[in-house]
Amino acid sequence: MEIRKKFTQRYAQSITEKVINSDLNKVGRNNKLITQQVELMVMAAAKSVMKVDIDRLCRLVISC
């Protein structure tokens, strides 16, 4: 399934703020989005805020 960027920067920022207080799956479910769309929005918002090359950014998982 190809996911296209069809969202405004303002909407991406709003979704990102929700993800900060929750998680990708819950935010996706509540906003009728798939997890990949939410992740794209978070990455787009991060790219506009942070001047870091996020293409090489990896997820950090900490296991206890």
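One can find the structure itself at the top, above this paragraph.
If you're wondering where the values come from, they're calculated on a predicted model, not measured in any experiment.

## Brief notes about the environment of Asn25
So, step 1. Within the secondary structure layout, Asn25 lies in helix H2 (residues 24–30).
So, step 2. Separated by 14 residues in sequence, Asn25 and Glu39 have C-alpha atoms that sit 9.7 Å apart.

## Some points on helix H1 (residues 9–21)
So, step 1. The first and last C-alpha atoms of H1 sit 19 Å apart over 13 residues, in line with the 18 Å expected at 1.5 Å per residue.
So, step 2. Three or more residues of H1 are buried, namely Ala12, Ile15, Thr16 and Val19. The buried side chains of H1 occupy one side of the element, clustering within an arc of 105° when seen end-on. Seen from the open side of H1, the exposed residues pointing more than 90 degrees away from its buried face are Arg10, Ile20 and Asn21.
So, step 3. Each element contacted by the buried residues of H1 is listed here: H2 and helix H3 (35–49).

Conventions used here
Residues numbered from 1 in each chain as written. Predicted model: local features only at pLDDT ≥ 70, side-chain atom pairs only at ≥ 80, totals over all residues. Heavy atoms only, no water. Helix = DSSP H or I, 4+ residues; strand = E, 2+ residues; numbered from the N terminus. Expected span 1.5 Å × (residues − 1). Buried < 20%, exposed > 50% of the residue type's maximum accessible area, 1.4 Å probe, protein only. Arc of directions from axis to C-beta. Contact = heavy atoms within 4.5 Å.

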